[in-house]
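One-letter residues, chain by chain:
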Amino acid sequence: MKFEKIHNKGQAQLFKNEYLEMMTKTHPLVIWSIYIPVMMGLLYYSFFQLNFDTWRIGLTFISGTIFWTLFEYLMHRFAFHFLAENERARKIVYVIHGNHHEFPRDRERLFMPPVPSLILASIIFFLMSMLMGKSVFMFFPGFVLGYLIYGSMHYAIHAWNPPYKWMKPLWRNHHLHHYKNDNKGFGVSTTLWDRVFGTMFDLKKEKEDKEKVNELMFR
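What counts as what
Residues numbered from 1 in each chain as written. Predicted model: local features only at pLDDT ≥ 70, side-chain atom pairs only at ≥ 80, totals over all residues. Heavy atoms only, no water. Helix = DSSP H or I, 4+ residues; strand = E, 2+ residues; numbered from the N terminus. Polar contact = N/O pair within 3.5 Å; in protein donor to acceptor, adjacent residues only side chain to side chain. Expected span 1.5 Å × (residues − 1). Buried < 20%, exposed > 50% of the residue type's maximum accessible area, 1.4 Å probe, protein only. Salt bridge = Lys/Arg side-chain N within 4 Å of Asp/Glu carboxyl O. Bend = angle between axes of the 7 residues up to and from the residue. Contact = heavy atoms within 4.5 Å.

### Thoughts on the side chain of threonine 24
Logical step 1: Looking at the element boundaries, threonine 24 is found in the loop between helix H1 (18–22) and helix H2 (28–49).
Logical step 2: Looking at threonine 24, its side chain comes within polar contact range of the main-chain oxygen of glutamate 21, at 2.6 Å.

### Considering helix H6 (residues 136–159)
Logical step 1: The terminal C-alpha atoms of H6, which comprises 24 residues, lie 34 Å apart, in line with the 34 Å expected from a rise of 1.5 Å per residue.
Logical step 2: Across the 24 residues that make up H6, a large majority, 21, are buried.

### With respect to the pattern of salt bridges
Logical step 1: A complete count under the given rule lists five salt bridges for this structure.
Logical step 2: We note a salt bridge from arginine 109 to aspartate 106, for which the minimum N-O separation is 3.3 Å. An identical accessibility class is assigned to arginine 109 and aspartate 106; each is buried.
Logical step 3: Among the salt bridges present, the one from lysine 180 reaches glutamate 206, with a minimum N-O distance of 2.6 Å. Taken as a pair, lysine 180 in the loop between helix H7 (168–179) and helix H8 (192–197) and glutamate 206 in the loop between H8 and helix H9 (210–215) lie far apart in primary sequence, 26 residues in all.
Logical step 4: Connected through shared salt-bridge partners, Glu21, Asp106 and Arg109 make up one network.

### What to know about helix H4 (residues 87–102)
Since the α-helix packs 3.6 residues into each turn, any two residues three or four apart lie on the same face.
Logical step 1: Between the first and last C-alpha of H4 there are merely 17 Å, a value that for 16 residues lags more than 12% behind the 22 Å anticipated at 1.5 Å per step.
Logical step 2: At valine 95, H4 shows its maximal bend, which comes to roughly 65 degrees.
Logical step 3: Every buried residue of H4 is listed here: Ala89, Val93, His97, Gly98, Asn99, His100, His101 and Glu102.
Logical step 4: Looking at the buried positions of H4, the neighbouring elements they touch are helix H3 (54–79), H6 and H7.
Logical step 5: The opening residue of H4 is asparagine 86, an N-cap whose side-chain oxygen sits 3.2 Å from the backbone nitrogen of arginine 88.

### Observations concerning the environment of histidine 174
Logical step 1: Relative to the helices and strands, histidine 174 resides in helix H7.
Logical step 2: According to the relative accessible area criterion, histidine 174 is buried, its value standing at 1%.
Logical step 3: Each residue touching histidine 174, except ones within four places of it in the same chain, is listed here: His76, His100, His154, Ile157, His158, Gly185 and Val188.

In structure tokens form, the structure reads like this:
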């Protein structure tokens, strides 16, 4: 995604209709409040109605969270950065992710908004149920938790400096993705898959401008 200028202020206008435009924005707490009841309900159903034991629920739940990290990487790399050839496809990619690269500090678009998020989640749940059967009721909540952690980490990376030293490579990897080379650094909640697939920045060779990074934090 190449833009004449990356804007660190303002936000893109995605639709002329004010109601559609409003539906493209959200706050992290809104998404958490939607999905926590969904997660709890599915886990409750797994234990009390399907009678799965605690260990199986826990392991399947954790598997779903781990699987999310791979899903996140693949979606970000191949779907969100899809090189569209026609104008309509380019506009779709811009609405989905391109606007975030042009306006990376637009805090209202750091999470997928509720309506498209719920539609996509429903489709994924259906596809998983076709493959996994009743195990989906334990796996999908873990997958959703992975999404919530991803979204929150994404918000935090753009909003604040890393609170712990071990988080710094993750912060730097994502900022370099935005401001240096968007063909690397696709991991947001973890750098694991960037390291596995060779798209991790060599942070030892990348000069760090602490003053510039501090300017990009929300105040």
